[in-house]
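Structural characterization, general
Spelled out from the first residue to the last, the chains are:
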There are 2 protein chains.
Amino acid sequence: MPAPTLTLTAFAGIAEITPQQSLAQVIAAALPANSLTLRDGDVIAVCQKVVSKAENRYVELAQVTPGARARELAAVCKKDARLVELVLRESTAVVRCVKDVLIVRHRLGFVVANAGIDQSNIEGAERRALLLPQDPDASAARLRSELEQRFGVRIGVVITDSFGRAWRLGVCGTSIGCAGLMALRDMRGRPDRFGRALRVTQIAVADEIAAAATLVMGEADEGRPVVLVSGLPSEYFGEQSGAVQLVRAVKEDLFQ
Amino acid sequence: MPAPTLTLTAFAGIAEITPQQSLAQVIAAALPANSLTLRDGDVIAVCQKVVSKAENRYVELAQVTPGARARELAAVCKKDARLVELVLRESTAVVRCVKDVLIVRHRLGFVVANAGIDQSNIEGAERRALLLPQDPDASAARLRSELEQRFGVRIGVVITDSFGRAWRLGVCGTSIGCAGLMALRDMRGRPDRFGRALRVTQIAVADEIAAAATLVMGEADEGRPVVLVSGLPSEYFGEQSGAVQLVRAVKEDLFQ
């Protein structure tokens, strides 16, 4: 196999996304403006926040009445009880709640702080919050399909978010939606270079792409929410799977 | 800020690394062979395994006598008791031990399966195991210094490993050593694009670089253990910190 070169280019000049805007149209317009073209085997990485904005996943905090459980948890984690109520509505379980920290299992299975609900880099954050997309794998599949039809190519799409980790400081780009490529690559049964079974058996491909793309998006979501990834080794396109495949099942969770 | 482009190129043709080989020499020879040059602001990502091999971190299993605790844990996780003994010697705490799974806190602080000890892709794996480098941040600093002197440039070095995660399937490239750049970028106190405090305050830069590099290294450590990363935004070079800075302190660990 020839030595692969991966190139990640953040799009410049993408303006604030507004509800009901077509991300496919925004990206289609931004490609030539950035002297870029979409080719077979490319991947478009998109920050969760712009997907949520396009899908109008805003919730006005004034319309949220916190229940007893939300008020109880809010007193512990010292967060706005209305925000905690939204977190609970988006979640299936509270994993940890201590001062300044509320980690839950999101209804999609992701274990994430605040159910991925965000108030940074959104307009009017004092009065509203932004939820994760309803179904980020479906959002990725839709965006992929629209771009493929428009440009006549076969591509992948990864929707990125920044997740904390149990034992490591700092957030890291992580995939919450994926289409057109293998989110998780299964290597079980393959031999290593000395003919022995591989220790590592599954690779979180979509998370590695998300981490790479996040490096060039800029951490403050500074208006570079779309990244073109070129040169991804073709073996990652063999089978498709969504980002929900990256979720470890509750029954296999050793850290509930 | 102009739209950044990040380029990651895996070196072809790097042969099996043997103990006491100079990685700096190997990389220096591989650069022109791959038509690559090293420039200011580049980062060299190196897979842990070749660093450990160069540092002769092999241990002959025949020379390991498992103690009572190792035999006890080995019966639970169904691993070789001599390997478990090595894991315990490299660790400060056992985090989880169930069938097929032994997660520990490595003496450097990393929470990782089997203390990062590996038997895949090493020659003679039936009789020996390969430990993590003694001090991967020091290994990274040494490699950086040798390459900087040889090429007259300022660069970063990231040593990568593949770690599992608590709630997600698949391993993901992770940094266990870092020199010449910010392993962890602190954004606390910065405003977001609407003037509000950022939600995300610390970025695991070295982990994102490791994840990106791992995508082109190939998962089976197929002989592409070195990656040249060019175009990393300059803000990541502001302050230097080692990968140990990415370790969440035990007293802040909610998932012991």
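Residues numbered from 1 in each chain as written. Chains lettered and ligands numbered in written order. Predicted model: local features only at pLDDT ≥ 70, side-chain atom pairs only at ≥ 80, totals over all residues.

Quick word on the interface of chain B and chain A
Facing the 65 residues of chain B at the interface are 64 residues of chain A. At the level of secondary structure, the elements contributing two or more residues to the side of chain B that touches chain A comprise strand 1 (5–10), strand 4 (91–98), strand 9 (172–179), strand 11 (202–203) and helix 6 (205–217) of chain B. No other element matches helix 6 of chain B, which puts eight residues into the side of chain B that touches chain A. For the side of chain B that touches chain A, the residue count by class is 34 nonpolar, 13 polar and 18 charged. As judged from the five bridges shared by strand 1 (residues 5–10) of chain A and strand 1 of chain B, these two strands associate in the antiparallel manner. Looking at the pairing, Thr5 of chain A lines up with Thr9 of chain B of strand 1 of chain B. (Contact = placed C-beta atoms within 7 Å. Helix = DSSP H or I, 4+ residues; strand = E, 2+ residues; numbered from the N terminus. Nonpolar A, V, L, I, M, F, W, Y, C, P; charged D, E, K, R; others polar. Pairing = 2+ DSSP bridges.)

Quick notes on the relation of the copies chain B and chain A
Once chain B has been moved 0.0 Å along the axis and rotated by 180°, it coincides with chain A to within an RMSD of 0.0 Å. The transformation relating the two chain copies, once decomposed into turn and shift, fits a two-fold axis. Comparing interface residues between copies, 98% of those in chain B also sit at the interface in chain A, which points to an isologous, same-surface contact. (Least-squares fit on C-alpha atoms with pLDDT ≥ 70 in both.)

Thoughts on the confidence of the model for chain A
Taken over all residues, the pLDDT of chain A has a mean of 92, while the share at 70 or more is 95%. In the predicted assembly, ipTM is 0.95 and pTM is 0.95. (pLDDT = per-residue confidence, 0-100.)

Re helix 4 (residues 81–89) of chain B
Turning to helix 4 of chain B, its buried residues number three or more, namely Arg82, Leu83, Val84, Glu85, Leu86 and Val87 of chain B. Where helix 4 of chain B is buried, its residues touch strand 3 (58–60), helix 3 (68–77), strand 4, strand 5 (101–106) and strand 7 (128–130) of chain B. (Buried ≥ 20, exposed ≤ 12 C-beta atoms within 10 Å, placed from the backbone.)

Here's the deal with the sheet that holds strand 6 (residues 111–113) of chain B
Consider a sheet: its strands pair through backbone hydrogen bonds, and that pairing is either parallel or antiparallel. Residues and elements named next belong to chain B. Strands sit in the order 4-5-6 across an open sheet of three strands; the sheet is antiparallel. What marks the edges here is a single partner per strand, and that holds for strand 4 and strand 6. This sheet shows a mean twist of 25° between the axes of neighbouring strands, independent of strand direction. As defined by bridge partners, strand 5 adjoins strand 6 across three bridges and the pair is classed as antiparallel. In the strand pairing of strand 6, Arg105 is matched with Val111. Contacts from helix 3 reach strand 4 and strand 5, with the element oriented near 30° to strand 4. (Axes fitted to C-alpha atoms, helices over the stretch in contact; angles between N-to-C directions.)

Quick notes on the domain arrangement of chain A
Residues and elements named next belong to chain A. Partitioning chain A into structural domains gives domain 1 (7–56 + 132–251) and domain 2 (59–130). Taking the mean C-alpha position of each, domain 1 and domain 2 sit 25 Å from one another. If you look at the interface, domain 1 gives 11 residues, while domain 2 gives 10 residues. Elements that contribute at least two residues to the side of domain 1 that touches domain 2 include exactly helix 2 (48–54) and strand 8 (156–163). Of the residues contributing to the side of domain 1 that touches domain 2, the split by class is five nonpolar, two polar and four charged. (Domains from an automatic or database assignment.)

Re the sheet that holds strand 9 (residues 172–179) of chain A
The strand order 9(A)-8(A)-2(A)-12(A)-1(A)-1(B)-12(B)-2(B)-8(B)-9(B) describes an open sheet built from 10 strands, whose pairing is mixed. Taken across any chain shown, the strands that pair with only one partner, and hence form the sheet edges, are strand 9 of chain A together with strand 9 of chain B. Direction aside, neighbouring strands of the sheet carry axes that sit 25° apart on average. Here strand 1 of chain B pairs with strand 12 (residues 226–230) of chain B via four bridges, running antiparallel. Pairing of Thr9 of chain B across the sheet is with Leu228 of chain B, part of strand 12 of chain B. The sheet strands contacting helix 5 (residues 136–151) of chain A are strand 2 (43–47), strand 8 and strand 9 of chain A, and the helix crosses strand 9 of chain A at an angle near 65°.

Here's the deal with the environment of Lys99 of chain A
Residues and elements named next belong to chain A. Note that Lys99 resides in the loop between strand 4 (91–98) and strand 5 (101–106). Put simply, Lys99 and Ala75 are 24 residues apart on the chain and 8.7 Å apart in space, counted from C-alpha to C-alpha. Here Lys99 is in contact with Cys77 and Lys78, once residues within four sequence places are set aside.

Some points on the pairing of strand 4 of chain B
Here is the key point about a regular strand: its side chains alternate between the two faces of the sheet. All names here are of chain B. Note that strand 4 and strand 5 share six bridges and pair antiparallel. The residue bridging Arg96 from the neighbouring strand is Ile103, located in strand 5. Hairpin connection of strand 4 to strand 5: two residues between the antiparallel strands, including Asp100 at a positive phi of 70°.

A short note on the packing of helix 1 (residues 23–33) of chain A against helix 5 of chain A
Residue and element names in this part refer to chain A. Relative orientation of the contacting elements helix 1 and helix 5 amounts to 45°, with a least axis distance of 9 Å. By the angle class used here, helix 1 and helix 5 are oblique. The way helix 1 lies across helix 5 gives a crossing that is right-handed. Contact residues: Leu23, Ala24, Ile27 and Ala28 in helix 1; Leu143, Glu146, Leu147 and Arg150 in helix 5. Of the residues assigned to the contact of helix 1 with helix 5, the class counts are six nonpolar, no polar and two charged. (Parallel < 35°, antiparallel > 145°, perpendicular 65-115°, else oblique. Left-handed = near helix turned anticlockwise from the far one by under 90°.)

Regarding the pairing of strand 2 of chain A
Residues and elements named next belong to chain A. Within strand 2, five of the five residues are buried, which leaves it mostly tucked inside the rest of the structure. Of the two faces of strand 2, the one lined by Val43, Ala45 and Cys47 and the one lined by Ile44 and Val46 are each fully buried. Across four bridges, strand 2 lies against strand 12 (residues 226–230) in antiparallel orientation. Opposite Ile44, over in strand 12, you have Leu228 as the bridge partner.

A closer look at unusual backbone geometry
Phi at Asn56 of chain A takes a positive value of approximately 55°, unusual for a residue other than glycine. Structurally, the position occupied by Asn56 of chain A is in the loop between helix 2 and strand 3 (58–60). With 13 C-beta atoms counted inside 10 Å, the residue Asn56 of chain A sits in the partly exposed group. Within the chain, Ser35 of chain B stands out as a residue other than glycine whose phi angle is a positive 55°. Summarising the element assignment, Ser35 of chain B is placed in the loop between helix 1 (23–33) and strand 2 (43–47). The class of Ser35 of chain B is exposed, set by 7 C-beta atoms lying within 10 Å.

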